[in-house]
Amino acid sequence: MSEASKAVVLNALTRAKSVVISVHTRPDGDAIGSQLGLGLFLEKKGIDVLMLNADPHPYNLDWLPGSDRIVIYDGSLEQVRALADADVIVIADTNAVHRIGDHGTLVKDGKATTLLVDHHPDPEGWFDLTWHRDSASSTGELVYEILAEWDIQAMDQAIAASLYTAIMTDTGSFRYSNVTPDLHRRVADIIERGQLDVAAIHAEVYDKRSSGGIRLMGRILDTLDLRFDGQLGMMSVTRAALADTGASVEETEGIANQILSIEGVRVALLLTETERGTKISFRSKADDHVHGWARFFGGGGHRNASGAFVHKSLEETVRQIVDSAPRYISFNEPDSSDSLSAEDEDYLSALLEMKNKN
């Protein structure tokens, strides 16, 4: 991103009196953390901010300061007017109108200046301004860059906790390939400025499960399905499992990453059955990129972490996944070095026949 582009974005934000910030449907830690980090910062700068989303955030993000002020879009006259009257509308952590939700068309077709803050590849072209880099670890890192260009001294504990959560969740707790030395330096700055207890933040996000959530985990583990000589691992969350355990679907967060911990698994999929179809979470290691595969199913995302939703049954989705997998992942052929030759098989068969006669 050029210095001139940065200056244009900062000029639009500094001149704004009212800003609306929206993220993608079914928001995750990066989306909510980025939204809150930017929103709380803009408020400190005297700007009127409305944080407006299509869906509620997961329960494990309730602790984030300001999360109770995020409004769910319901089509009310007040919300429609706020979108129409905003000077700038920021779309964070997504780059397609259909991923914003029901108010996406109002954003796209409205008169407000639209600003994209995102790290996903292939953004749509209707945004007026962009702060975009698909090599960034997270949208939270890009929000940090905005603050660093504008006034990093304004970062307080609430803003820091939001940005740390955004970056932590979108890097798999700093273990994905998108983690760089420069990112660690930025995260260190966030921790220091916010005087953060990073262990407590990790516990809030990842270590809170209900008793139903633990039972649900057992049900999900029982669905483990390994394909392509154990290189593809899949687990399923059925509606029956959710109903029987009383757990919320948010308690499945992180399970796809656990599948990757199985020895030999290179790509992991978590399939969640819903009333309307099946949600697919794609995760992968290193150079096994899944964003193209997710795009095949109408979704998208990062190279190693993507998602999609298909209006098909769980069983049909599994079939299509297995059929399409070789188009996007080059699975290794099974090692046949230890297999028996035809001559050896005949010899063993003769030995077994002799043993049975005796």
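Residues numbered from 1 in each chain as written. Predicted model: local features only at pLDDT ≥ 70, side-chain atom pairs only at ≥ 80, totals over all residues. Heavy atoms only, no water.

1. Looking at the nonpolar core
Soluble globular proteins tend to bury their nonpolar side chains together.
Now for step 1: Counting residues in hydrophobic clusters, the biggest one holds 50 residues, and the most contacted among them are Val90, Met155 and Ile190.
Now for step 2: Not counting the four nearest positions on each side in its chain, isoleucine 190 is found in contact with Tyr144, Met155, Ala160, Leu163, Tyr164, Ile167 and Leu196.
Now for step 3: Of all hydrophobic cores here, the second largest spans 20 residues; its members include Met234, Val290, Ala308 and Ile321. (Core = buried A, V, L, I, M, F, W, Y, C linked by side-chain atoms within 4.5 Å. Buried < 20%, exposed > 50% of the residue type's maximum accessible area, 1.4 Å probe, protein only. Contact = heavy atoms within 4.5 Å.)

2. Let's talk about the sheet that holds strand E10 (residues 278–284)
Now for step 1: If you walk across this open sheet you meet the 6 strands as E7-E8-E9-E10-E12-E11, and the pairing is mixed. What marks the edges here is a single partner per strand, and that holds for strand E7 (225–227) and strand E11 (300–301).
Now for step 2: Both strand E8 (residues 232–237) and strand E9 (residues 267–273) contribute to a ladder of 6 bridges, which runs parallel. Its bridge partner lying in E9, serine 236 is registered against leucine 271.
Now for step 3: Each of E7, E8, E9, E10 and strand E12 (305–310) is contacted by helix H13 (residues 314–328), which is oriented at about 160 degrees to E9, the strand it contacts most. (Pairing = 2+ DSSP bridges. Helix = DSSP H or I, 4+ residues; strand = E, 2+ residues; numbered from the N terminus. Axes fitted to C-alpha atoms, helices over the stretch in contact; angles between N-to-C directions.)

3. Some points on the side chain of threonine 25
Now for step 1: Inspection of the secondary structure assignment puts threonine 25 in the loop between strand E1 (18–22) and helix H2 (29–44).
Now for step 2: Taking the relative accessible area as the measure of exposure, threonine 25 reaches 13% and is therefore buried.

4. Focus: the packing of H2 against helix H6 (residues 157–170)
Now for step 1: Between H2 and H6, whose axes approach to 7 Å, the crossing angle comes to 155 degrees. The angle between H2 and H6 places the two elements in the roughly antiparallel class. When you trace H2 past H6, the crossing you get is left-handed. Note on element contacts: H6 touches H2 through Ala158, Ile159, Ser162, Leu163, Thr165, Ala166, Thr169 and Asp170, opposite Gly29, Asp30, Gly33, Ser34, Leu36, Gly37, Leu40, Phe41 and Lys44.
Now for step 2: Split by residue class, the contact of H2 with H6 holds 7 nonpolar, 7 polar and 3 charged. (Parallel < 35°, antiparallel > 145°, perpendicular 65-115°, else oblique. Left-handed = near helix turned anticlockwise from the far one by under 90°. Nonpolar A, V, L, I, M, F, W, Y, C, P; charged D, E, K, R; others polar.)

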